[in-house]
Each structure stands twice: as C-alpha cells, then as structure tokens.
Amino acid sequence: MRNVAHFNLPARLLHWTMAVMILVMLFIGVAMVTSVAHYHALLALHQPLGIGILILAALRLVNRWRSPPPKLPVELPGWQRKAAHASHILLYGLMLGLPFVGWAMLSAAGYPIGLGGAVVLPPILPRDPSLYAWLRPLHTILAYALFGIILAHLGAALMHGLIRRDGVFSSMAPHPIR
Amino acid sequence: MSLLNDLTGAAPGLRPRAVLLRLGAIGALVAGTTGAFAYAGGWLSPGDLTQARIVDRFERVNGPHPGFRRNHAKGLCLAGRFESSGGGERLSKASLLAAGQVTPVTGRIALAGGQPYAADATMTVRSLALRFHLSDREEWRTGNNDIPVFPVRTPEAFYQQILAAKPDPTTGKPDPEALKAFFAKHPESAKAAALIKARTITSGFADDTFRSLNAFRFVATDGTETPVRWAFVPERAATAESPAQAGRADKNFLFDDFTAAVRQAPVRWHLIVTPGSPGDDSADATLPWPSERASIDVGSVIVTTTEAEATGNCRDVNFDPLVLPVGIVGSDDPLLSARSAAYAQSFARRAGEPKAPSAVLDTPMSGAGL
C-alpha cells in the first residue's frame, strides 16, 4: 500500500463521531415520525442530537479550511473525482442544512426546542404554520437525500478500501495504516 | 473476468474472484443498511399503528374539515395568568409553582370531536387546554377534559374506539353492536364508560372541572419524583345543566356563555394536584385513583379574556401534553406519547391547509353577560 497523506486527527475524530451520530439521527428520525409508543422519547433525543451535529459540522468545516484534506490519487478517473467532489459538497450542505431546517420548522410551528433541562433554543423564524407546512416535508426530503448520499459514500469508501486499495480509505481510517 | 478488475480499478494484486467477493460484501452492507432503515421507518411492518393511521381514522369518521384540529375541532381562545400558591413547591421544582410566582397563560376551551361546526350540546365532552409561558422560553402545555377517567387504556384501544364510537349518519348515535363488541374486548373501557356516563354535567365551561386524566410525575429539587394527576377545579359553584339550555337557539351557547362570564369577571380555576400513593396505577388512565387521596391546591388559573380562533393565536398551537417545564415529566402511561404523536400529526396536516373561520366568533359586547 502506498503512503498517502492522512486527514489530520481532528478531522478523523470528527468524521467518525459524526458518522455514528448522523446514522443514529437518521434512524431516530425515520422511526420517530411513524412511532406512537416511542415518539416522545425519540423526539427528546432528536433535538439535542441535531444541534450537536450542527455544532460539530461547523467545527469540521473550520478544520477542513485550516487543514485541507489529502488529494485524491491521480489515477482516479475524472468522473469519480467529480462525483467525490460533488458528494462532499452535498454532505457538508446537508450536515449543516438539516439541523437548520429542523430548527427553523420547529420555530415556525411554535414548539419550544428543548435541549434538556431548562435550556430552550430561541426561535429562528416567526411562528407561522404555513412556513411549517413547507419546511416539515423539506426536512424529510433532505433527510432521505442525506441517507442516500451516505450510502453512496459508504459504498465508494469501501471500494477504495477493499478493491482499489489506493489509500483513500486509510486516509480517513481511525488508526491510519501505512 | 479481468474486465471486472478494469472496471473497478482493482489493485494489481487482487484476483477477479476476490474482487467479486468484495463487491458482494459491499453490496450486502449497503443493502443491509437500507433494509434496517426501512425497518426503522415501519415499511416492513405495515400493520403497526402509526400516528398517521390514528389521524387518518379521525378524518374518516368525521369527514374532511381542512384547517381544523382533527379532534376538539370547535374551540375558543383564552388568555390570563396563573398565580402560584406555593403549595406545589415541595413536590416540583417547576418555576411556575414557586410561591407568589405569576405566569402568563394562554389557552383554548373546546368540545371533543372532529366536527368544527357541530352545535353545542351539554353532553359533549369539554376540554381546557392551557399553555403556561415561563421565563426563558420554557413552556408547559396541557390538555384537560371534563371527564373523570379516560375511556381507553392504550393507543391501540383508542384507535379501535374511534371507529366503534362513530355516530351512525342516520341515528346520530354510535352503532350499539360495534360498541358492545368493543367493550367486550376492552372491559376496562366499559368500566370507564360507566364512570364517564355517571358524571355530573355542569351548565357550562366556567363551572366545569377539567382533569389531566393521564398521570405525570413531579420532580422536586432533590430529585424526588412523585406520580401526580391534576384537575382544574372551578372557583364558582357548579350548577347542573338545565333542559332550558338545550332549547336555546344559539348553537354556540356554551362558548358564548363563557365569553359572557369572562367579560363579567375573571373566571378562575384552582389547580388541584393529587399525588399518587404506591399502588395507584400511573399507566392506566381508565382507572380513577382512590378518592381519599390528599390533594394540594398549587395555585389558580385566572382567565381574563377570550378571543375567536385566528391566525397566530391558540388556533395555531399544538397543545402537546409532553411539552413540559423542568420539574414535570411524563409518566409510564402509554397514552402520553401517543397523544404527543397524534397531535403532532394533526398539527402538521392542518398547518398547510386553507383556514375557514371558527364557528365560535367574538360575540358583541351586548351579549348576555352585560
């Protein structure tokens, strides 16, 4: 295996922490909207977890800007390079956008957004059910989109790690192997 | 087979068989994750009760009434304040229960059922929903009914009851056979229905008692949790309904009487909290707690104004019973999460629908109260 530069430690920590958080979040979200028995318990997890993801995504963007990721291997076909680039823009957009849409839609619905204890987030939109009626389905559509892109990302990462073995996977591995 | 190696850009050392195996493993992982997601979203268990199915059934039984709540559709907004007596301080650290604390309150009185234009009838179950506006955006939302116990114990029974109690279009009454079959399957509901039927029916909203029905838990400063139920007990003496009321031409007489009463003088309810003893079932809303349980007067709700439903007021609020301040938490009653879920579904649906004016309009100042 060739020696390829790694993502820095904060990037790897953030990636794997957020990978778990986002997957858990998507599963909570999809279960929550149909569940009767566990609706409230799942909602109580969903809100603080979403704000946690928003904060970590912002930190991650800052880290990425200060410490740019390693370059993709030169032998990677152009279309794959473009797909990788586009999917990462979408991933970042959704990691930041989904929590914001969630926060905005709950503001429009007039729900207090509790993060545990007496901590309640301020609304970021005026109370307006017609706005909520737009944002609520948007939140769902974006969540499905994020799940789809994560599946593509997972498949592509494993292609790099198991088949191409070009160092792209190990650049983000928790314990990089040379 | 080396075509596969070329297509995938496989590393030089990998044999075609290995590439195939690894591709299969990746495919299986992606498919498995998708399957787990579908399972979590309920796609693999279409028979399960969902929040959408509960609200669908309300819509089926009541017909479409876009813009209105799917249940407790006919209502009137109110506003006032809560004055704490301090009596609840020991049991709950909720800031609104501190002695002398005054908390702004908004809310809604309503009639049960999904018909927004039904004529008022004294027999119809009445509700009092309140929203306490604590400091720092904390809220307490609570929906209360004027019945002694709730008619069902579980969300599944509730779902069946909506259909069983559906009024027959010709008689206006539920099909007795359907009700009988439901009660045979749910003896706890039969007992609850008898208690509900035996309740005293008062002349209106202002002299009525509204109960939490579900149990909650009060959390004290030291972390001690106490199961509680509560009731909003009117300060004015209850007078029984009279046959004359039913004969009135005013289809909104219950709401109009309330507006008139509030115009005359603020209408007050005492918030009476009943702590449960060990053995009192907090998960079964069909069972009354023994009447000898102590009760604590923790303060008064004082309603000073009423207002017809309109944009931005109580019409656009989801009185989710699990929007609770620090110091109050839900109990193990399965109906609580179900109410929260079904209300959210009802709210999401009506949020985007065109709105029609409520049947209950602001009555002119020359009303009965003046």
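Residues numbered from 1 in each chain as written. Chains lettered and ligands numbered in written order. Predicted model: local features only at pLDDT ≥ 70, side-chain atom pairs only at ≥ 80, totals over all residues. Heavy atoms only, no water.

Undergrad: Just to check I follow, could you spell out the packing of aromatic side chains for this structure?
TA: One pair of aromatic rings is described through two measures. These are the centre distance and the angle between the planes. Summed over the entire model, instances satisfying the criterion amount to 23 aromatic pairs over all chains. Between Tyr111(A) and Tyr132(A) the ring centres are 6.4 Å apart and the planes differ by 70°, which places this aromatic pair in the edge-to-face class. In this pair, Tyr111(A) is assigned in the loop between helix 3 (78-109) and strand 1 (113-114) and Tyr132(A) in helix 4 (residues 129-164), connecting sequence segments 21 residues apart. The pair Tyr111(A) / Tyr132(A) is uniform in exposure class, with both members buried. Put simply, the rings of Phe82(B), Phe132(B), Trp140(B), Phe216(B), Phe218(B) and Trp230(B) touch in pairs and so form one group of aromatic residues. (Phe/Tyr/Trp six-rings, centres within 6.5 Å; stacked < 30°, edge-to-face > 60°. Helix = DSSP H or I, 4+ residues; strand = E, 2+ residues; numbered from the N terminus. Buried < 20%, exposed > 50% of the residue type's maximum accessible area, 1.4 Å probe, protein only.)

Undergrad: Would you take a moment to explain the packing of helix 1 (residues 9-32) of chain A against helix 4 of chain A for this structure?
TA: Helix packing for two helices is described by the angle between their axes and how far apart those axes are. Residue and element names in this part refer to chain A. Viewed as axis vectors pointing N to C, helix 1 and helix 4 meet at an angle of 135°, and their least axial separation amounts to 11 Å. Relative to helix 4, the element helix 1 lies oblique. For helix 1 against helix 4, the interelement crossing comes out left-handed. Facing helix 1, whose interface residues are His15, Ile22, Leu23, Leu26, Phe27 and Val30, helix 4 presents Ala143, Tyr144, Leu146, Phe147, Ile150 and His153. Grouping the constituent residues of the contact of helix 1 with helix 4 by class yields 10 nonpolar, 2 polar and no charged. (Axes fitted to C-alpha atoms, helices over the stretch in contact; angles between N-to-C directions. Parallel < 35°, antiparallel > 145°, perpendicular 65-115°, else oblique. Left-handed = near helix turned anticlockwise from the far one by under 90°. Contact = heavy atoms within 4.5 Å. Nonpolar A, V, L, I, M, F, W, Y, C, P; charged D, E, K, R; others polar.)

Undergrad: Just to check I follow, could you spell out the interface of chain A and chain B for this structure?
TA: Interface size is commonly expressed as the accessible surface area that is lost when the partners come together. Between chain A and chain B, the residue contacts involve 39 residues of the former and 48 residues of the latter. Broken down residue by residue, the surface that chain A buries against chain B is led by Val36(A), Arg127(A) and Ile163(A), which jointly contribute 18%. Seen at the junction of chain A and chain B, the total is 0 salt bridges. Connecting chain A to chain B are 17 residue pairs in polar contact (both at pLDDT 80 or more). Put simply, the parts of the chain that give the side of chain A that touches chain B at least two residues each are helix 1, helix 2 (39-66), strand 2 (120-121) and helix 4 of chain A. No other element matches helix 4 of chain A, which puts 14 residues into the side of chain A that touches chain B. Considering only residue class, the side of chain A that touches chain B consists of 28 nonpolar, 8 polar and 3 charged. (Buried area = accessible area lost by both parts, 1.4 Å probe. Salt bridge = Lys/Arg side-chain N within 4 Å of Asp/Glu carboxyl O. Polar contact = N/O pair within 3.5 Å; in protein donor to acceptor, adjacent residues only side chain to side chain.)

Undergrad: Help me understand helix 4 of chain A, please; the structure alone is not making it clear to me.
TA: Each full turn of the α-helix corresponds to 3.6 residues, which orients residues three or four apart in the same direction. The end-to-end C-alpha distance of helix 4 of chain A is 50 Å, a good match for the 52 Å that 36 residues give at a rise of 1.5 Å each. Remark: Arg165(A) follows helix 4 of chain A within two positions and exhibits a positive phi of approximately 50°. (Expected span 1.5 Å × (residues − 1).)

Undergrad: Help me understand the environment of Pro234(B) in this model?
TA: Residues and elements named next belong to chain B. As for its position among the elements, Pro234 is in strand 7 (residues 225-234). With a relative accessible area of 11%, Pro234 lands in the buried category. When neighbours within four sequence positions are excluded, Pro234 is seen to be in contact with Ala206, Asp207, Asp208, Thr209, Arg268 and Trp269.

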